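Each chain, letter by letter, is given below.
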Amino acid sequence: MHVFVTGASGYIGGAVATRLLQAGHTVTGLTRDAAHAQALARLGVQPVTGNLDDAALLAEHAGHADAVVNAADSDHRRAAETLVAALAGSGKPLVHTSGSSIVATGTTGDPTETIFGDDLLDPGSTWQPGHPVRRARVAVDRLVLAAARQGVRTAVLCPSLIYGDARGLPRDSVLIAALVRQARAGGVVRHVGAGRNIWSTVHLDDVADLYLLALEQSPPGTFCFAENGEASFSAITSAIARRLALPGPRPWEPGLAGDVWHPEFARHALGSNSRVRATRARDLLGWRPRHHSIIDWLTTADLGERDR
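Before going into details, it helps to say that this report is about the structure given with it. (Residues numbered from 1 in each chain as written. Predicted model: local features only at pLDDT ≥ 70, side-chain atom pairs only at ≥ 80, totals over all residues. Heavy atoms only, no water.)

Moving on to the sheet that holds strand S2 (residues 26-31). Strand pairing within a sheet occurs via backbone hydrogen bonds; the two strands may be parallel or antiparallel. Spatially, the seven strands line up as an open sheet ordered S3-S2-S1-S4-S5-S6-S10, and their pairing is parallel. The strands lining the two open edges of the sheet, one partner per strand, are strand S3 (46-49) and strand S10 (222-226). Strand after strand, the sheet turns through a mean of 20° between neighbouring axes, direction not considered. With respect to the sheet, helix H2 (residues 34-43) is in contact with S2 and S3, its orientation differing from that of S3 by roughly 170°. (Pairing = 2+ DSSP bridges. Helix = DSSP H or I, 4+ residues; strand = E, 2+ residues; numbered from the N terminus. Axes fitted to C-alpha atoms, helices over the stretch in contact; angles between N-to-C directions. Contact = heavy atoms within 4.5 Å.)

A few words on the pairing of S10. Of all five residues making up S10, five are buried, and the element is well covered by its neighbours. Strand direction decides the pairing type here: strand S6 (residues 153-159) and S10, joined by five bridges, are parallel. Opposite Ala155, over in S10, you have Thr222 as the bridge partner. (Buried < 20%, exposed > 50% of the residue type's maximum accessible area, 1.4 Å probe, protein only.)

Glancing now at the side chain of Ser160. One can find Ser160 in the loop between S6 and strand S7 (161-163). Residue classification places Ser160 among the buried residues on the basis of a relative accessible area of 5%. Within polar-contact distance, the side chain of Ser160 engages the backbone oxygen of Ala226 at 2.8 Å. Discounting chain neighbours no more than four positions away, the residues touching Ser160 are Ser100, Ser200, Thr201, Val202, Ala226, Glu227 and Val276. (Polar contact = N/O pair within 3.5 Å; in protein donor to acceptor, adjacent residues only side chain to side chain.)

Below, the discussion takes up the nonpolar core. Core analysis: the largest hydrophobic core is formed by 69 residues, its most contacted members being Val69 and Phe225. Here this core takes nine residues from helix H7 (residues 204-217), the largest share from any one element. With residues near it in sequence (within four places) discarded, Val69 still touches Val3, Phe4, Val5, Thr6, Val16, Val95, Tyr211 and Leu215. Of all hydrophobic cores here, the second largest spans 28 residues; its members include Val189, Trp297, Ala301 and Leu303. (Core = buried A, V, L, I, M, F, W, Y, C linked by side-chain atoms within 4.5 Å.)

This part covers the sheet that holds strand S9 (residues 198-203). Sheet architecture is open: three strands sit in the order S7-S9-S11, paired in mixed fashion. The two strands at the open ends of the sheet, each matched to only one other strand, are S7 and strand S11 (230-232). Across the sheet, the mean angle from the axis of one strand to that of its neighbour is 45°, orientation sign disregarded. Alignment of S7 against S9, held across three bridges, turns out to be parallel. When the sheet's bridge partners are listed, Leu161 is paired in S9 with Thr201. Strands S7, S9 and S11 of the sheet are contacted by helix H8 (residues 233-244), whose axis makes an angle of about 80° with S11.

Before going further, it helps to examine the packing of helix H6 (residues 174-186) against helix H9 (residues 263-270). Packing of H6 against H9 leaves a shortest axis separation of 12 Å and a crossing angle of 125°. Comparing their axes, H9 and H6 come out oblique. Seen from above, H6 lies across H9 with left-handed handedness. Two secondary-structure elements touch here, H6 through Leu175, Ala178 and Leu179 and H9 through Phe265, Ala269 and Leu270. (Parallel < 35°, antiparallel > 145°, perpendicular 65-115°, else oblique. Left-handed = near helix turned anticlockwise from the far one by under 90°.)

Written out as structure tokens, the structure reads:
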């Protein structure tokens with residue numbers, strides 16, 4: 001296939017583009033940065049410089065491709081609408097990227113027993129997240145899933161907390177990078193509250209494998225979580241403290257020297273729980289993730305700060 005990938009210079013998009021190339025597909029990759037375009041070309045990706053607001057550019061490259069992966073911005077509704085319109089009636093695959101923060105609960109670093117399944121957004125579901133930003137993302141997810149009725153083979157993949165080394169351009173996992181930035185800025189590794197809140201986790205290479213499977217065989221209107229294990233933020237930050245040889249972890253205190261977290265991000269992302277199960281990816285698509293432990297990865301990970 002010839003696949004058009006938005007966000008090809010990003011953490012997820014770069015891994016997906018690299019995996020597609022390994023599988024023998026041709027990849028055209030959208031990036032906003034001309035310097036990144038040159039780096040993508042060296043990887044074997046045919047670069048396109050532009051952004052998600054350029055509807056004509058998106059429609060042109062989506063129309064020329066055999067399939068589309070939208071990995072640039074989960075919340076950009078206009079881009080999703082443009083890609084759906086460009087592919088309507090074609091039967092081509094459109095794989096859209098969401099994220100398991102849509103089901104995040106709590107803000108204080110305390111655990112929850114609530115676990116969400118793949119039927120969350122199935123037809124007839126009226127479920128909505130509480131936070132307005134999450135509601136807007138879910139609205140985009142539903143828009144893409146509904147495009148199955150317009151002759152597009154749509155899938156929405158919803159990864160949990162992703163870890164692992166970048167496979168395209170140098171990038172870092174958003175939440176891990178935030179924890180490391182805080183640790184380096186303040187000299188102490190921190191978590192929100194007691195850090196007993198839990199997130200499901202998944203390795204970047206396993207995520208890329210799932211995108212390939214979804215492109216090749218997912219039925220229209222498929223929603224899948226991506227996870228293979230889970231960990232508390234106390235365990236994650238303890239591993240980071242050992243890896244960086246820094247004190248902690250200790251509870252986060254807003255306003256301290258070296259505090260780089262916005263309070264909303266700290267509470268609603270780093271202080272929340274996001275526990276999911278990827279049953280559909282395994283049973284429907286035959287996904288077999290190979291990596292099982294974010295803690296094991298952190299023991300040897302390169303946690304140097306990179307350009308994001």
